[in-house]
Amino acid sequence: MIIQGTAAAITAVFFWIISNGISKKVVKAFGAPLIALAVILLGIIPMSVSVVLTGMYSMPLYSTAMAAASGVFLGLGFILMYMSLRTEQLANASALGEIQPAALVLFGLLVLGEQVTRIQLLSMAAIFVGAFLIITYEKFRINKYLIPAALASVSWAVYWMMMSYAISSAHGFSLPVLVSRIVSVGLALAFVFFRKGTMKDMRNRLHAMRKSSAFGALAALVIFMGLVDGIGDSVFGITVISKVFAIGGAMTALSPMVVSFLGFLFYKERLSRLQFVGLGIMVAGAVVLGTV
């Protein structure tokens, strides 16, 4: 089960890297609300296929309630992260994703009963210190536009914490992740329809993008991004049911590191000295956390 769970975690991280690496380009073109809604909605497709393949068509009421509640945090995470990506660098926003694995490992160790070592605690502390440095300017002024990305990482961590209970009590992963995704679609739709000016902005962006020669290619990227993200979440469900939540949570630290590197490589992004130090501290903490 450990080998199966760790292999699933690595596979999920691979899919998340692809999805998150694309996100900056499409969010800049279509806007955060539309991309959040599209990615969440498209993720339902591979999750539905997973339900059919596993034959899991029912689960206890408690599992359903936990899965539904976790969907609120899943959808909120997408909205918050893409809000930061509208203006901020992919490298910065993605690096803050290291908060999620630290929180997941802490949850797996403290709540699910695994032992905590001093090195693990120091590694998690380093990740949070590094996160603080990334969201600050040179003179320790907070960059308010990166706060949503930090909150997104926390929101996704809560999503997986709640999902762990839903999956464990349901004795299966496919249906809980699907139910959660469906609820998150409802949250994204509410955000689009009830947030002032959002619908108008979406219509204007779509109208402008349709005139662009890049519209077809970007739309294809959005579809691909949503499908890949849905596959990643489904596969990580195998990690949860394999009862290697802490180990899998530590492995998710690979995704923010690689995506931050992609920001440097493809988007030619640069960090301030303070942010660079913060990134280094977070990466070091994540590497140690994943190896001890």
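What this report covers is the structure whose coordinates are included nearby.

The rules behind each value
Residues numbered from 1 in each chain as written. Predicted model: local features only at pLDDT ≥ 70, side-chain atom pairs only at ≥ 80, totals over all residues. Heavy atoms only, no water. Helix = DSSP H or I, 4+ residues; strand = E, 2+ residues; numbered from the N terminus. Rg over C-alpha atoms; globule rule 2.2 N^0.38 Å. Buried < 20%, exposed > 50% of the residue type's maximum accessible area, 1.4 Å probe, protein only. Expected span 1.5 Å × (residues − 1). Polar contact = N/O pair within 3.5 Å; in protein donor to acceptor, adjacent residues only side chain to side chain. Contact = heavy atoms within 4.5 Å. Core = buried A, V, L, I, M, F, W, Y, C linked by side-chain atoms within 4.5 Å. 1 Å grid on protein atoms, 1.4 Å probe; cavity = no way out; pocket = protein on both sides within 12 Å on 5 of 7 lines; lining within 4 Å. Points joined across faces, edges and corners; volume = space filled by probe spheres on them.

1. Focus on the overall build of the protein
If you tally the helices and strands in the protein, you get 14 helices and zero strands. For the protein, the α and β elements follow one another from N to C terminus as α-α-α-α-α-α-α-α-α-α-α-α-α-α. Its C-alpha atoms give the protein a radius of gyration of 18 Å, near enough to 19 Å, the size a compact globule of 292 residues would have. Its C-alpha atoms put the protein at 50 × 50 × 30 Å along the principal axes. Taken across its 292 residues, the protein has 55% of its residues classed as buried.

2. Notes on helix 13 (residues 254-266)
Across its 13 residues, helix 13 extends 18 Å between first and last C-alpha, which sits within 8% of the 18 Å expected from 1.5 Å per residue. Burial in helix 13 covers these residues: Ser255, Pro256, Met257, Val259, Ser260, Leu262 and Gly263. Residue Lys268 follows helix 13 closely and has a positive phi angle near 55°.

3. Details of the side chain of Thr239
Residue placement: Thr239 occurs in helix 11 (residues 215-241). Within the structure, the side chain of Thr239 is placed 3.0 Å from the backbone nitrogen of Ala9, a separation counted as a polar contact. If near-sequence neighbours (up to four positions away) are discounted, Thr239 is found in contact with Gly5, Ala8, Ala9, Val244, Phe245 and Gly248.

4. Brief notes about the nonpolar core
Counting 88 residues, the largest nonpolar core has Phe30, Ile35, Phe78, Met81, Tyr82, Leu96 and Trp160 as its most contacted members. The element contributing the most residues to this core is helix 8 (residues 147-170), with 13 residues. When residues no more than four places from it in sequence are discounted, the contact partners of Trp160 are Trp16, Gln100, Leu104, Asp233, Phe236, Gly237, Val240 and Phe245.

5. A word on helix 8
Its 24 residues give helix 8 an end-to-end C-alpha distance of 34 Å, which sits within 8% of 34 Å, the value for a rise of 1.5 Å per residue. Here helix 8 lies mainly inside the structure; 17 of its 24 residues are buried. Backbone geometry just after helix 8 places His171 at a positive phi near 60°.

6. Looking at unusual backbone geometry
Phi angles above zero are rare outside glycine, and His171 is one such case at about 60°. Its location among the elements puts His171 in the loop between helix 8 and helix 9 (174-194).

7. What about empty space enclosed by the protein?
Under the defined criterion, the tally for this structure stands at one cavity of 30 Å³ or more. As a volume, the largest cavity reaches approximately 360 Å³. Taken together, 24 residues line the largest cavity, and the ones lying closest to its centre are Trp16, Asn20, Gln100, Trp156 and Ser255. Every element with two or more residues in the lining of the largest cavity is listed here: helix 1 (2-30), helix 4 (61-85), helix 5 (90-95), helix 6 (99-110), helix 8, helix 11 and helix 13. In terms of residue count, helix 4 provides more of the lining of the largest cavity than any other element does, five residues in total.

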